[in-house]
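# An overview of the molecular structure
Each chain, written out:
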Amino acid sequence: MKLTEKAAAMIDGKNFGNLAFVTPKGEPHVSPVWIDREGDTILINAAEFRAKIRFLKVNQKIMLSITEQEDPYSRVLIRGHVVVITKNGALAQNNRMSMKYLGTLDDPDRPVGDRVLIKIQPDSITK
């Protein structure tokens with residue numbers, strides 16, 4: 001599915017996402033995330049050791065809620081699925097996100113360890 005114009009603009013902006021999924025135990029889990037895209041593929045970056053990586057390898061279905069920083073009542077909800085979790089390009093993409101959100105390549109909160117890139121295909125989008 002193609003991203004809507006609004007969804008693409010919100011991902012391109014300096015807005016945060018909340019990534020929701022269900023753990024293997026059936027419990028809901030939500031993580032605040034920086035968001036990016038390659039065309040219509042949504043990109044999320046994480047440290048390889050994070051619990052969300054383990055969970056998303058088991059259940060690839062996700063929901064991503066994005067609210068606009070300037071107007072928190074403006075939002076987009078994206079249901080989708082993880083198509084790949086890879087180390088390829090993850091550090092470079094994390095550096096781009098550091099520039100987008102922090103204005104610097106130096107992310108003081110970046111955990112030590114390998115980065116992975118989560119690529120998500122949208123299945124449905126709600127305004």
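## Things to note about the overall build of the protein
Check the secondary structure of the protein and you find 3 helices and 7 strands. Relative to a compact globule of 127 residues, whose C-alpha radius of gyration would be 14 Å, the protein shows 14 Å and is just as compact. Counting across all 127 residues of the protein, residues that qualify as buried make up 38%. Put simply, the protein shows about 7,000 Å² of open surface, and 52% of that area lies on carbon and sulfur atoms.

## Focus: the packing of aromatic side chains
Summed over the entire model, instances satisfying the criterion amount to 3 aromatic pairs. With a centroid separation of 6.1 Å and an interplanar angle of 55 degrees, the aromatic rings of Phe21 and Phe55 are classed as tilted. Of this pair, Phe21 sits in strand E1 (residues 16-22) while Phe55 sits in helix H2 (residues 51-58), and the two are 34 residues apart along the sequence. By relative accessible area, which is 16% here, Phe55 ends up buried. An angle of 5 degrees between the planes, with centres 5.1 Å apart, marks the rings of Trp34 and Tyr101 as stacked. With a gap of 67 residues between them, Trp34 in strand E2 (residues 28-34) and Tyr101 in helix H3 (residues 90-102) connect regions that are remote in the sequence. Judged by its relative accessible area of 5%, Tyr101 is buried. Aromatic rings pair up to connect Phe16, Trp34 and Tyr101 into one cluster. The ring of Phe55 has Arg54 sitting right over it, with the charged end atom 5.8 Å from the ring centre.

## Observations concerning the pairing of E2
Bridge analysis of E1 against E2 gives 7 bridges, and the strand direction is antiparallel. Counterpart to Ala20 in the pairing with E2 is Val30.

## Description of the side chain of Thr23
Tracing the backbone shows Thr23 in the loop between E1 and E2. Contacts of Thr23, omitting those with residues within four sequence positions, involve His29 and Phe55.

## Remarks on the nonpolar core
If you look at the biggest cluster of nonpolar residues, it comprises 27 residues, and the most contacted ones within it are Leu19, Ile44, Leu64 and Ile78. Of all the elements in the fold, those that place two or more residues in this core are helix H1 (5-12), E1, strand E4 (41-47), H2, strand E5 (61-67), strand E6 (75-86), H3 and strand E7 (115-126). Ignoring sequence-local partners within four residues, the contact set of Leu64 consists of Gly17, Asn18, Leu19, Val33, Ile35, Ile42, Ile44, Val76, Leu77 and Ile78.

## Things to note about the pattern of salt bridges
What the rule picks out here adds up to 5 salt bridges. Note that Lys87 and Asp114 form a salt bridge whose closest N and O atoms lie 3.1 Å from each other. Of this pair, Lys87 sits in the loop between E6 and H3 while Asp114 sits in the loop between H3 and E7; the two residues are 27 residues apart in sequence, bridging distant segments of the chain. Connected via shared salt-bridge partners are Glu48, Lys87 and Asp114.

The rules we used
- Residues numbered from 1 in each chain as written.
- Predicted model: local features only at pLDDT ≥ 70, side-chain atom pairs only at ≥ 80, totals over all residues.
- Heavy atoms only, no water.
- Helix = DSSP H or I, 4+ residues; strand = E, 2+ residues; numbered from the N terminus.
- Rg over C-alpha atoms; globule rule 2.2 N^0.38 Å.
- Buried < 20%, exposed > 50% of the residue type's maximum accessible area, 1.4 Å probe, protein only.
- Areas by Shrake-Rupley, 256 points an atom, 1.4 Å probe, with all protein chains shown as cover.
- Phe/Tyr/Trp six-rings, centres within 6.5 Å; stacked < 30°, edge-to-face > 60°.
- Lys NZ or Arg CZ within 6 Å of the ring centre and 35° of its normal.
- Pairing = 2+ DSSP bridges.
- Contact = heavy atoms within 4.5 Å.
- Core = buried A, V, L, I, M, F, W, Y, C linked by side-chain atoms within 4.5 Å.
- Salt bridge = Lys/Arg side-chain N within 4 Å of Asp/Glu carboxyl O.

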